[in-house]
Amino acid sequence: MIETDVLVIGAGPAGSSAAKYATLGGAKVILMDKKSEIGTPKRCAEGVSKEGLEKLGIEPSGRWVTKEATGVRMVSPNGTAVNLTEDKVKLPEAGYVLERKVFDKHMAMDAARAGAKIMVKTLATGLRREDGQVLVSAESMGEEFEIKSKIIIAADGPESRVGRWAGLKTSLKPKNMESCAQFEMSGVNMEEPDCIEFHFGSVAPGGYAWMFPKGDDIANVGLGVLTTLTDKSAYQHLLDFVANNPSTKNAQPVELNIGGDPVGGLLKKLVADNVLVTGDAAGMVNPLTGGGIISGMTGGLLAGKLAAQAVAEGDFSHKRLKVYEKQCEEEIGESFQKYLKAKSYLLSLSDEELDSIATAFKDINFESVDTKEMIKKLVKISPKALLKLGKLF
Amino acid sequence: MDVKEWCMCCGECAGVCPRNLIEVREISLKFDEKECKDCRICVQVCPVQALEK
């Protein structure tokens, strides 16, 4: 049997962050992942905010940044675009488009350099408690074994089973899980190649479509849908989007990615005796944008630091670990509340309403306009859309 | 559960399974068929329609 202080299950950005900070805090740490190659396959549009990376103290590297995005282009169903650029308006979501396969490995390498032991191609198959610790059964390359740990950090993604084994309700309802499909394509001819692009409306029921440039003519072209609102699969919606969008008319896919994105907000219970849940498994995904790298890594950092403290104190109880829920709520959950409202508003709008809003704002100078003026415009163009907005606040 | 060969093991099905019955391996899925109550939520959410009951 292998023994450790902290076992982190899942080596995505959140898990690697947790492993790194638990190790730096003095704990003996194992970081395990079921995949043979960390970061592969990607299940992500690969966008990350500059501000978020800076806050986490991560220096952007040419090894994993493919493109700097300096603006956001939002496109309504009839093709009307509203462009927002970094130099005119503060864009928290503008930043870098990553190469996740490289980024994730680098984050795991950071954890390894801090002193964590990494086990790839190792699947957790069960969990039981014994003498105040946890025994995780695992499989690797045909071998079955157990790992005894004082604390488990479950960073096993949207499909998380570990939290549920520990008695936490981490399963999601389909209305809170975006079903996503994405091509990485070459030959993409974006209108604004320095902007990340979002397409709203019936093109992606319950979600949106995106184009994230990766330099030259390469882009991630994908979408997320709520399967409660459509009979077609995410993949079918993606094929339609690619076939009908002028930017992808001559593009060819070099990669297909699929996966679920938990967009229901931060889960309420993230802690059990000996267990902390983080990253996508904890719902640390912006409910509006679906982005979860920075919030997941923030959650991982909090979980890792706390796990190391708890190990040092010899107290792994729910009572000791509960502070993690408060920290996550303050650092991550509170900001999600406004995004949940914005998402509800966006989903309530018809294609026609989205078009009229885009028409109203397409030529606006966001640098000089105030909220009153924006509301006035909305009243004039689409009173119905404004009424829906009013109901949310 | 009939898992089609184009399943990409993304795990979305496992994330919504209310009974935690789906084990997502690197290149395969394992269902606990005995405990399955046939809710078919997993079938509904699959991004590539790779599951059939």
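Residues numbered from 1 in each chain as written. Chains lettered and ligands numbered in written order. Predicted model: local features only at pLDDT ≥ 70, side-chain atom pairs only at ≥ 80, totals over all residues. Heavy atoms only, no water.

(A) Spatial organisation of unusual backbone geometry. All names here are of chain A. Along the chain, Thr-40 connects to Pro-41 via a cis peptide bond; the corresponding omega equals -10°. As for its placement among the helices and strands, Pro-41 is situated in the loop between strand E2 (29-32) and strand E3 (47-49). Unlike most non-glycine residues, Glu-46 shows phi in positive territory, near 75°. A relative accessible area of 0% places Glu-46 in the buried class. Here the phi dihedral of Lys-121 falls at roughly 50°; this positive angle occurs in a residue that is not glycine. Take Lys-121: it is sitting in the loop between strand E8 (117-119) and strand E9 (122-130). Among the residues examined, Lys-121 registers a relative accessible area of 28% and is labelled partly exposed. (Helix = DSSP H or I, 4+ residues; strand = E, 2+ residues; numbered from the N terminus. Buried < 20%, exposed > 50% of the residue type's maximum accessible area, 1.4 Å probe, protein only.)

(B) Main features of the nonpolar core. All names here are of chain A. Val-6, Val-8, Ile-151, Ile-153, Leu-270, Leu-276 and Tyr-324 are the most contacted members of the largest nonpolar core, which totals 78 residues. Looking at which element gives the most residues to this core, the answer is helix H6 (residues 293-313), with eleven residues. Beyond its immediate stretch of four places on either side in the chain, Val-8 contacts Gly-15, Ala-18, Ala-19, Val-29, Ile-30, Leu-31, Met-32, Ile-153 and Ala-155. Core analysis: the second largest hydrophobic core is formed by 34 residues, Met-190, Val-221, Phe-241 and Ala-251 among them. (Core = buried A, V, L, I, M, F, W, Y, C linked by side-chain atoms within 4.5 Å. Contact = heavy atoms within 4.5 Å.)

(C) Representation of the side chain of Asn257(A). Residues and elements named next belong to chain A. Mapping Asn-257 onto the fold places it in strand E16 (residues 252-262). Judged by relative accessible area, which is 4%, Asn-257 ranks as buried. Within the structure, the side chain of Asn-257 is placed 2.7 Å from the side chain of Glu-255, a separation counted as a polar contact. Not counting residues up to four positions away in its chain, the partners in contact with Asn-257 are Lys-42, Cys-180, Ala-181 and Gln-182. (Polar contact = N/O pair within 3.5 Å; in protein donor to acceptor, adjacent residues only side chain to side chain.)

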